[in-house]
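Results of the structural survey
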Amino acid sequence: MKKLIWTITGLFALSTGAAQAQISDAGGADAFAEDLKNANAQVDAGAVYDPWEGFNRKMFSVNNAIDKAVLVPAAKGYRAVTHKKQRKGLRNLLANARTPVILINDILQGEFKRAGQTAGRFAINTTIGFGGMGDPAERIGVPQHAEDFGQTLAVWGVNSGPYLYLPLFGPSSVRGGFGAVGDIAMDPLTWIRTDAAALTRYSRAGSTALALREPLIEPLADIEANSLDYYASLRSFYWQSRTREIANGRTNFDDLPDIGDFEEFDELE
Amino acid sequence: MSAMTKVKSIAVALFAGSFLAVSPAIADDEAEQFIQAVLDEAEPYLTSEEEQIQFDGIKQLVDKYVDMRRVGLFTLGQYARQMTPEQKETYLPLFKDYATQIYQNSLSNYAGERLTVTGSIDRSERDIIVNSKIVNPQPGSQLADMVVHWRVYRDRDGNLGVVDAGADNIWLAIEQRSQFTSVIANNGGPPAGINALIDQLKKQTSE
């Protein structure tokens, strides 16, 4: 388990390090610290602080190539050989397997009501939901919610830091990267050090990728077709939805950027 | 509930109450009625079986109710003030075509559904968020619990116009601003970057 965590931490450090190298002309570690500081001072609502755009765009194009060559064809194949209900079953199963991580994060965030819901869902779905294939908990009014350590760090007051596009992992932030490492450490499967557990972990990672990508085949293709800048488009969608997830769906419209500050243009009419 | 948690929740409620007293976010009836009227007008188009009727209907509503000039300038971010009059003249109609396409694509996801206003929150007297939801969604629909937001702007003369639309706190114009400012910045900033944006919009809207 240690080895795995170190590998992931290493990968993460490598990518932030590489991102850091992108701004080498401004001078290494100082510039890096400066970027983190600026991210906190960001005042322009709705905009994403992305000082490592050069690095991020490179990672984005690598991921995008993998997505087109491997993930999308695999997701299409998966769709072709399965029925809608089976795919729903697999999504439920994977979501149920993730419940322990969600539960720990609910508790760490002090969201005890949500922690209770998570524990209840796990109990109900694992038993009368046939190990998590079904989602009877949803039908009796205990809906699913997601939670991860990146969100916990946010609740604890850790600032997001700049936008960071991680290889394979996808869009994130410096905080999200640390959060991902935390989630792996929280996962009970990480604690078991047998070949069977490792195999389960890898096959779960693979099926998660498929199960998540399959319903997004059309929406993402649409966004790509309709955007002038696919990278910037996804960056904004990601950042906006992430902000909402961290607030656990509570809406705060005060954070929106002002839209009416062009009064001066009205006078030109 | 133990006595201690009771005391705690009262304290929290009082604390929250003091905030409410300071910044009253109040509903705006006029904006709600405005959006409800738009949604009622949209209903026959959205429930039409024919895609062409949906698309034409949405375009007609967008022409009538969306304040495209204000949105178009907003999506340029800080560059709005750095445009030449010629650039603005070319940009604004292109933006209108582009944004209309996006509205058509996004709203056609709601084909067959009927939306109704559920409430509103004012950011200021001029800037109001109106929320809406699907009435009797088809069973198992992914859109069932989605909140569809409309951002309404009241201009100086008191006229209302739509300036942005979103679902579950993800807003279209904010995403467009992210793209447009990125295109401008990555093509050398104004004025060349603005020309690059105009070229790309031309390409995107002529397809």
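Everything discussed here concerns the structure shown above.
What comes next is a walk through the structure.

Conventions used here
- Residues numbered from 1 in each chain as written.
- Chains lettered and ligands numbered in written order.
- Predicted model: local features only at pLDDT ≥ 70, side-chain atom pairs only at ≥ 80, totals over all residues.
- Heavy atoms only, no water.
- Helix = DSSP H or I, 4+ residues; strand = E, 2+ residues; numbered from the N terminus.
- Buried < 20%, exposed > 50% of the residue type's maximum accessible area, 1.4 Å probe, protein only.
- Contact = heavy atoms within 4.5 Å.
- Phe/Tyr/Trp six-rings, centres within 6.5 Å; stacked < 30°, edge-to-face > 60°.
- Lys NZ or Arg CZ within 6 Å of the ring centre and 35° of its normal.

Within chain B, the secondary structure is distributed over seven helices and five strands. Overall, chain B shows an N-to-C arrangement of helices and strands of α-α-α-α-α-β-β-β-β-β-α-α. Counting over 207 residues, chain B shows a buried share of 49%. Counting only contacts in chain B whose residues sit at least 6 apart along the sequence, the fraction spanning at least 24 positions is 56%.

Residues and elements named next belong to chain A. Structurally, F60 is set in helix α3 (residues 53–81). Given the relative accessible area of 9%, F60 is considered buried. For the pair F60 and L166, spaced 106 residues apart in sequence, the C-alpha separation works out to 8.0 Å. Beyond its immediate stretch of four places on either side in the chain, F60 contacts Y165, Y230, Y231 and L234.

This structure, assessed with the given rule, holds 14 aromatic pairs over all chains. Look at B:Y98 and B:F180: their rings are 5.9 Å apart centre to centre, the planes differ by 45°, and that puts the pair in the tilted class. With B:Y98 in helix α5 (residues 85–107) and B:F180 in helix α6 (residues 172–186), the pair connects residues that are 82 residues apart, well separated along the chain. For the pair B:Y98 and B:F180, one class covers both residues: buried. A connected cluster of aromatic rings, assembled from ring pairs, spans A:F60, A:Y163, A:Y165, A:Y230, A:Y231, A:Y238 and A:W239. The ring centre of A:Y202 lies 6.0 Å from the NZ or CZ of A:R201, which sits over that ring.

The quantities given are spatial measurements derived from coordinates; they are silent on function.
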